[in-house]
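Remarks on the overall topology
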Number of protein chains: 2
Amino acid sequence: MPDQQSTLRAHRRAETQRAIQAHAVRLFTERGYDGTTVNDVAEAAGVSPMTVYRHFPTKEDLVLIDQHAQLVADRIAASPATQPLVRRIGGALIESTTTVTGGHGGGDLSTSGQFLLARLRLMISTPALRAKHLDNNYALQQAIVTALGDDTTDPDAAFHAHAAASACLAAMHTALVRWAEDDGRSELPDLIARALTAAFGDDAVQVRSDAR
Amino acid sequence: MPDQQSTLRAHRRAETQRAIQAHAVRLFTERGYDGTTVNDVAEAAGVSPMTVYRHFPTKEDLVLIDQHAQLVADRIAASPATQPLVRRIGGALIESTTTVTGGHGGGDLSTSGQFLLARLRLMISTPALRAKHLDNNYALQQAIVTALGDDTTDPDAAFHAHAAASACLAAMHTALVRWAEDDGRSELPDLIARALTAAFGDDAVQVRSDAR
DNA sequence: TACCAATCTGGTAGTGACTACCACTGAGGT
DNA sequence: ACCTCAGTGGTAGTCACTACCAGATTGGTA
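This is a predicted model, so every value here is computed, not measured.

Per the secondary structure count, chain A includes 10 helices and 0 strands. Helices and strands in chain A line up, N terminus first, as α-α-α-α-α-α-α-α-α-α. Against the 2.2 N^0.38 benchmark of 17 Å for 212 residues, chain A shows a C-alpha radius of gyration of 19 Å, consistent with a compact globule. Taking the principal axes of its C-alpha atoms as reference, chain A extends roughly 50 × 45 × 30 Å. Sequence separation of at least 24 residues holds for 68% of the intrachain contacts in chain A that already meet a minimum separation of 6. Computed over 20 positive and 25 negative side-chain charges, the inter-centroid distance for chain A is 7 Å.

Structure (structure tokens):
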């Protein structure tokens with residue numbers, strides 16, 4: 001069965017994709033996003049401009065592509081439906097972020113953490129990237145509402161879910177900005193929890209083990 | 001003094017700007033945003049493509065430009081600093097929206113209301129417009145935090161303000177989407193109030209005179 | 001082993017948004 | 001009447017992105 005149908009092919013594809021993205025983020029950081037053409041990225045990665053477009057539909061996706069959304073949606077669907085919306089969503093955001101950043105202990109970041117930080121800085125400072133990233137967050141909001149699984153027939157319930165999800169994601173974005181300003185020195189999950197608390201009040205976030 | 005320095009000139013400038021935008025929104029609605037070129041808009045408005053770019057820096061701005069942000073910032077600055085953040089911000093959003101939509105009584109919309117609705121529909125359905133609109137909301141968030149006037153030296157206070165502002169704006173955006181889905185039949189200020197309540201709880205929105 | 005099919009890659013020639021750079025016109029104030 | 005300058009238009013160019021087509025490599029098959 002074609003599950004891992006051609007490991008070699010898939011692996012090579014993933015590898016060139018990773019290489020292109022790495023060169024892109026490096027060049028964007030060095031020369032600026034607008035000061036770097038897609039041709040520059042292709043040349044640096046040793047491929048043709050065509051190949052870049054095959055792996056990344058747009059120039060923005062060279063920075064923005066990740067699989068965070070799927071992670072969050074899965075956590076949402078797995079959360080107990082008895083809790084209030086904001087807590088379900090906020091909890092999923094915090095947990096999935098913990099997975100991504102890895103439970104490193106406060107100090108310096110791993111290589112992947114530095115890469116994430118570089119991408120985040122570009123997202124925040126470059127208007128085109130920031131705009132598309134916010135739109136991706138909007139798509140994530142739709143996914144979250146779907147994953148909540150509450151009855152979609154009641155328009156009021158759907159409205160409630162959308163309002164809660166959008167507000168939670170906005171708070172998370174605020175935490176991401178703060179994290180980038182701190183150069184990743186703080187614990188991102190803690191920052192998200194604090195942002196949620198700041199927006200919704202103390203009862204919005206579940207009591208945690210308080211590892212601070 | 002050059003306050004109203006050349007009424008005729010300023011008036012003509014504002015008039016062509018308005019005409020270009022009207023034709024743009026009409027064409028985008030008829031043929032789709034991506035299916036309409038800036039040249040098409042220029043031709044329909046009877047000006048050269050150059051002139052369009054003089055008045056609107058980007059194609060997206062043909063739909064997005066408005067002065068809502070200034071209205072909100074003014075209201076924020078005028079709000080009493082004693083109230084909680086979410087209430088100050090939410091109140092300003094509701095009040096400024098009431099100003100924009102005009103206190104019409106439930107039924108059909110004025111011409112300007114229809115125009116606003118058409119623009120909003122484009123913003124929601126067109127990815128490029130949606131992304132830039134969300135980024136404009138992000139800029140508004142910065143403006144709101146500044147207008148709050150709380151001491152900017154304390155990073156924690158600033159973080160709190162950003163989290164609250166972003167969450168409020170997200171809730172408002174949810175209300176805007178719902179309003180567009182209702183074809184503007186509901187009262188937008190009421191929808192915003194409901195979205196804020198859905199996200200933050202009953203105590204987030206001030207009790208209103210209930211003019212319904 | 002020879003063959004087929006699908007995928008990966010590269011090239012060419014566009015379209016369309018947007019940006020210099022320059023020239024013309026007409027309104028406002030002296 | 002003259003000067004200034006904002007407003008407008010034209011040309012040529014850059015760059016993101018998209019068909020359309022062609023060669024190469026890999027995986028499975030007769």
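This next bit is on the pattern of salt bridges. Residue and element names in this part refer to chain A. As enumerated under the stated definition, the model contains 26 salt bridges over all chains in all. Notably, a salt bridge pairs R18 with E15, separated by 3.2 Å at the nearest N-O pair. One end of the pair, R18, and the other, E15, are both in helix α1 (residues 7-31), 3 residues apart, so they sit about a helical turn from each other. Look at R18 and you get partly exposed, because its relative accessible area is 48%.

Moving on to the interface of chain B and chain A. Quoted interface sizes are often the accessible area lost when the parts come together. With 31 residues of chain B in contact, the opposing surface of chain A contributes 30 residues. In total, about 2400 Å² of surface goes out of reach between chain B and chain A, with carbon and sulfur atoms giving 65% of it. Where chain B touches chain A, the interface holds 12 residue pairs in polar contact (both at pLDDT 80 or more). Counting residues per element, the ones that place at least two in the side of chain B that touches chain A are α8 (127-148), α9 (155-181) and α10 (188-200) of chain B. Per-element tally for the side of chain B that touches chain A: the top contributor is α9 of chain B, with 16 residues. Grouping the amino acids of the side of chain B that touches chain A by side-chain chemistry returns 19 nonpolar, 6 polar and 6 charged.

Each value, and the rule that gives it
Residues numbered from 1 in each chain as written. Chains lettered and ligands numbered in written order. Predicted model: local features only at pLDDT ≥ 70, side-chain atom pairs only at ≥ 80, totals over all residues. Heavy atoms only, no water. Helix = DSSP H or I, 4+ residues; strand = E, 2+ residues; numbered from the N terminus. Rg over C-alpha atoms; globule rule 2.2 N^0.38 Å. Contact = heavy atoms within 4.5 Å. Lys, Arg positive; Asp, Glu negative; His and termini not counted. Charge placed at Lys NZ, Arg CZ, Asp CG, Glu CD. Salt bridge = Lys/Arg side-chain N within 4 Å of Asp/Glu carboxyl O. Buried < 20%, exposed > 50% of the residue type's maximum accessible area, 1.4 Å probe, protein only. Buried area = accessible area lost by both parts, 1.4 Å probe. Polar contact = N/O pair within 3.5 Å; in protein donor to acceptor, adjacent residues only side chain to side chain. Nonpolar A, V, L, I, M, F, W, Y, C, P; charged D, E, K, R; others polar.

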